[in-house]
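# Chains, contacts and geometry: an overview
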Amino acid sequence: MRKLALIGLDCADPVLLAELLPGLPTLRELAASGSFARLRSVDPPITIPAWMCMMTGKDPGELGVYGFRNRKDTSYAGLGVASSASFSAPAVWDLLGERGLRSILIGVPGTYPPKPVKGILVSCFLAPSTEVAFTYPATLREKVKALAGEYLFDAREFRTEDKARLVEEVVAMTKRRFALVRGLVSTEPWDFLAAVEIGPDRMHHAFFAHHDPRHPKHDPASPFRDALREYYQLLDQEIAALLSDLPSRTRVLVVSDHGVQRLEGGIALNEWLIRAGYLALKADSLEPGTRLGDLVREGLVDWSRTIAWGEGGYYGRIFLNVAGREPEGAIPSSEYEIVRTKLARELAAIPDEEGRPIGTRVLFPEEIYREVRGIAPDLLVYFGDLRFRSIGTVGWGRIHLRENDTGPDDANHAPYGILIDYPSEQKGGDRSILEVKDLILAHFDKEAS
Amino acid sequence: MSKAREIRLSEEVVRAIEAHLVELSAGSVEEYVEAVLRERLRREGHLASYSPEEEREITRRLRDLGYLD
């Protein structure tokens, strides 16, 4: 049985990777001898739910998971952080386990708390710490410590101007993760490996302006202008070392959950909703950066006069205040579609500071998902097709912001990630993230026949 | 890990687990039963994935990472 190793590089982008490939001998060889395709992510192209969409073959609507935080109920404050318990659809490793095949799973976003698997699992950056049960089996944690020392799920204190420390942190994290992966594939039985490195995403958000000359914040004299390139060289070396530990006929997939693009600014979503008469607050003056969630908890939203409110992040989510659904719904259900369509049109027309169109896309869940489970946002908003962040905080006194409201950030997500398939007879073309599960199953079907 | 209490399982179930520990990827009967029950209880909404303190900390980190605001 030929093994299959899936190496996940969170946020690895096809355009950026193509630019860097000449200096990445291992990835270049995999892409040249196999195939290198763009991998269309889901909407939204965000780590959660995208990785679990890849592993289950289900879209966010089918999973009922629309982001890191989702509405648990139709109350105004009922938000919960997604965890492995949010994903009820079987993942590819569950299906392989039913066939008697063993998996090694490391860092796949959406796997904390760990569920029992046929094989072993080290969960992802959503684990609170290494003090909790973050592995299956629980006793695996001792081996993690032995192989990787102090295991780093993620970069600590990410929003920093101390870029030198951040590079050291991400490099240390990546080296320890690959040390763990190499240690486990060399000592544990397995058929399928899925190991996801979160480092590329963190480096993109922190250093994209330093790398990209077209970025509005680019400084060609930055001492960190090569930080991204050098990090990819480290990744390439680590992947080469890992491949040397794998049986020679192992099939290798290098994949990402979404791509990256430069972040050009932010649109204050709730500020705009207030100005446009959709959201009414009971407070007159607010500190810049006040969270709407805090105002909700303090009873400072006038729900009787509120039509819609928003959640910010890399993309915007709009929730309508519907009679019979929300506790103090203000929109008669018979007017829901009229209001939603009008709001979508107005959101799409928000211009930049100079009054120029920015190409915002507004998505309707029932049009982009095969099924809509759980409590979906009424609208998804990609300001400037994700070149602008959705700022959910209020008190800014303006709609357009140059900086992220949560700290320095150079990048936003892009809809296409990567799929390198080695060896592969198929060349190029675009693939869907929802095809990857079946690609893996088909590999093992072929091997079993 | 929270404090532990002893419970009793039938001899038949314990023997079945013991016979398949390697296949079940578990080091002991207790480890396997705990993991399976935790997963089941979480799926049915009877056991939270995070304590309130952990959820606050994760939310803070997700804000720091830019996923939330």
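Residues numbered from 1 in each chain as written. Chains lettered and ligands numbered in written order. Predicted model: local features only at pLDDT ≥ 70, side-chain atom pairs only at ≥ 80, totals over all residues. Heavy atoms only, no water.

### Describing the packing of helix α8 (residues 199-211) of chain A against helix α9 (residues 227-245) of chain A
All names here are of chain A. What counts is decided by this rule: Orientation is described by lines fitted to C-alpha atoms, with helices fitted over the stretch in contact, and by angles between N-to-C directions that extend from 0 to 180 degrees. Put simply, DSSP H or I for four residues or longer makes a helix, DSSP E for two residues or longer makes a strand, and each gets a number counted from the N terminus. Throughout, the term roughly parallel applies to angles under 35 degrees, roughly antiparallel to angles over 145, roughly perpendicular to angles from 65 to 115, and oblique to all others. Contact definition: two residues touch when any of their heavy atoms are within 4.5 Å. Just so you know the grouping, Ala, Val, Leu, Ile, Met, Phe, Trp, Tyr, Cys and Pro go in nonpolar, Asp, Glu, Lys and Arg go in charged, and all remaining residues, Gly too, go in polar.
Look at α8 against α9: their axes get within 8 Å of each other, and the N-to-C directions meet at 150 degrees. When the axis of α8 is compared with that of α9, the two are roughly antiparallel. In this structure, α8 contributes Gly199, Pro200, Met203, His204, Phe207, Phe208 and His211 to the contact, and α9 contributes Ala227, Leu228, Arg229, Tyr231, Tyr232 and Leu235. Partitioned by chemical class, the residues of the contact of α8 with α9 number nine nonpolar, three polar and one charged.

### Let's talk about the environment of A:Val42
Residues and elements named next belong to chain A. Inclusion rule: Remark: exposure states derive from per-residue accessible area (1.4 Å probe, protein chains only) relative to the maximum for the residue type, with buried under 20%, exposed over 50%, and partly exposed in between.
One can find Val42 in the loop between β2 (35-40) and α3 (47-56). Taking the relative accessible area as the measure of exposure, Val42 reaches 6% and is therefore buried. Non-local contacts of Val42, meaning those with residues more than four positions away in its chain, are made with Ala50, Cys53, Pro60, Ile433 and Leu434.

### A word on the interface of chain A and chain B
Put simply, the rule reads: Throughout, the accessible surface (probe 1.4 Å) given up by two parts as they are put together, summed over both, is called the buried area. Polar contact criterion, stated in full: a pair of N or O atoms within 3.5 Å, where within protein one must be able to donate a hydrogen and the other to accept it, and residues adjacent in sequence count only if both atoms are side-chain atoms.
Contacts between the two partners involve 47 residues from chain A, matched on the other side by 28 residues from chain B. Summed over both sides, the interface of chain A with chain B buries roughly 3,100 Å², with 52% coming from carbon and sulfur. Considering only the side of chain A, the residues that lose the most area to chain B are A:Arg69, A:Val81 and A:Tyr136, jointly responsible for 17% of the buried surface there. At the junction of chain A with chain B, the criterion picks out 19 residue pairs in polar contact (both at pLDDT 80 or more).

### What about the sheet that holds strand β15 (residues 379-382) of chain A?
Residue and element names in this part refer to chain A. Operational definition: Pairing between strands is defined by DSSP: at least two bridges between the two strands are required.
Spatial strand order, β12-β13-β15-β14: four strands in an open sheet with antiparallel pairing. Looking along the sheet, the strands with just one partner apiece sit at the ends: β12 (308-311) and β14 (361-363). Averaged over all adjacent pairs, the angle separating strand axes in this sheet is 25 degrees, with direction ignored. Both strand β13 (residues 316-320) and β15 contribute to a ladder of three bridges, which runs antiparallel. If you follow Arg317 over to β15, its bridge partner there is Leu380.

### Considerations on the packing of aromatic side chains
All names here are of chain A. For the record, the criterion: Stacked, edge-to-face and tilted labels apply to pairs of Phe, Tyr and Trp rings (six-membered ring for Trp) whose centres lie within 6.5 Å, assigned for plane angles under 30 degrees, over 60, and everything in between, in that order.
This model, assessed by the stated rule, comprises 17 aromatic pairs over all chains. On the numbers, 5.5 Å between centres and 75 degrees between planes, the contact of Tyr76 with Trp309 is edge-to-face. Of this pair, Tyr76 sits in the loop between β3 (69-71) and β4 (79-81) while Trp309 is found in strand β12, placing the two residues 233 residues apart along the sequence. Each member of the pair, Tyr76 as well as Trp309, is classed as buried. Arranged with centres 5.5 Å apart and planes meeting at 35 degrees, the rings of Trp309 and Phe319 form a pair that is tilted.

### Digging into the domain arrangement of chain A
Residue and element names in this part refer to chain A. Applied cut-off: Domain start and stop positions are those given by an automatic or database domain assignment. Each salt bridge in this description consists of a side-chain nitrogen of Lys or Arg and a carboxyl oxygen of Asp or Glu lying within 4 Å of one another.
If you check the domain split of chain A, you get domain 1 (4-261 + 412-448) and domain 2 (265-317 + 346-408). Placing the centre of domain 1 and that of domain 2 at their C-alpha centroids yields a distance of 29 Å. Listed as interface residues are 33 residues of domain 1 and, on the opposing side, 31 residues of domain 2. Counting the surface lost from both domain 1 and domain 2, the interface buries some 2,700 Å², and carbon and sulfur atoms represent 51% of this. Its largest share of buried area at the contact with domain 2, domain 1 owes to Tyr66, Tyr76 and Arg159, together 27% of the area lost on that side. In this assembly, domain 1 and domain 2 are joined by three salt bridges. Measuring nitrogen to oxygen at the nearest pair gives 3.2 Å for the salt bridge that ties Glu311 to Arg69.

### Re the nonpolar core
Residue and element names in this part refer to chain A. Spelled out, the test is: As used in this record, nonpolar core signifies buried Ala, Val, Leu, Ile, Met, Phe, Trp, Tyr and Cys residues forming a set joined through side-chain atoms within 4.5 Å.
Leu6, Met55, Trp93, Phe125, Leu126, Phe192 and Ile440 are the most contacted members of the largest nonpolar core, which totals 128 residues. Residues from two domains meet in this core; each of domain 1 (4-261 + 412-448) and domain 2 (265-317 + 346-408) gives at least three. If we skip the residues at most four places from it in the chain, Trp93 touches Met52, Met55, Ser103, Leu105, Val108, Thr111, Val117 and Phe192. The next biggest cluster of nonpolar side chains, apart from the first, holds 35 residues, and it includes Tyr278, Trp303, Val339 and Val394.

### Focus: empty space enclosed by the protein
All names here are of chain A. Put simply, the rule is: In the cavity and pocket records, a cavity denotes points on a 1 Å grid over the protein atoms alone where a 1.4 Å probe fits but cannot get out, a pocket denotes an open set with protein on both sides within 12 Å along at least 5 of 7 lines, and lining residues are residues with an atom within 4 Å of a point. Grid points are joined across faces, edges and corners, and a volume is the space filled by probe spheres set on the points.
In the structure shown here, the tally under the stated rule is six cavities of 30 Å³ or more. In this structure, the largest cavity spans a volume of roughly 100 Å³. As for the largest cavity, its lining consists of 13 residues, of which Met52, Trp93, Asp94, Thr111 and Lys115 are closest to the centre. Each residue belonging to the lining of the largest cavity can be placed in one class, and the counts come to eight nonpolar, three polar and two charged. In this structure, the second largest cavity spans a volume of roughly 80 Å³.

### Let's talk about the layout of surface pockets
When its volume is computed, the second largest pocket comes out at roughly 650 Å³. Taken together, 25 residues line the second largest pocket, and the ones lying closest to its centre are A:Lys72, A:Val81, A:Ser83, A:Ala85 and A:Ser86. Listed by contribution, the elements that provide at least two residues to the lining of the second largest pocket are β3 and β4 of chain A together with α2 (29-43) of chain B. With three residues, the single largest contributor to the lining of the second largest pocket is β4(A). A per-class count over the lining of the second largest pocket returns ten nonpolar, nine polar and six charged. Taken together, domain 1 (4-261 + 412-448) and domain 2 (265-317 + 346-408) of chain A each give at least three residues to the lining of the second largest pocket, which thus spans both.

### Some details on the sheet that holds strand β16 (residues 388-391) of chain A
As summarised here, the arrangement of the three strands in space is β16-β11-β17 (chain A), forming an open sheet in which the pairing is mixed. What marks the edges here is a single partner per strand, and that holds for β16 and β17 (400-401) of chain A.

### With respect to the packing of helix α1 (residues 11-19) of chain B against α2(B)
All names here are of chain B. Viewed as axis vectors pointing N to C, α1 and α2 meet at an angle of 105 degrees, and their least axial separation amounts to 9 Å. One way to sum up the angle between α1 and α2 is to call them roughly perpendicular. The segment α1 lies against α2, with Val14, Ile17 and Glu18 engaging Val29, Tyr32 and Val33. Counted by class, the contact of α1 with α2 contains five nonpolar, no polar and one charged residues.

### What to know about the environment of A:Ile106
Residue and element names in this part refer to chain A. Relative to the assigned elements, Ile106 resides in strand β5 (residues 103-106). Look at Ile106 and you get buried, because its relative accessible area is 0%. Here the alpha-carbon distance between Ile106 and Ala194, two residues 88 residues apart in the chain, equals 6.3 Å. Leave out the neighbours within four places in its chain, and Ile106 touches Val122, Tyr151, Arg177, Leu180, Val181, Leu184, Ala194, Ala195 and Val196.

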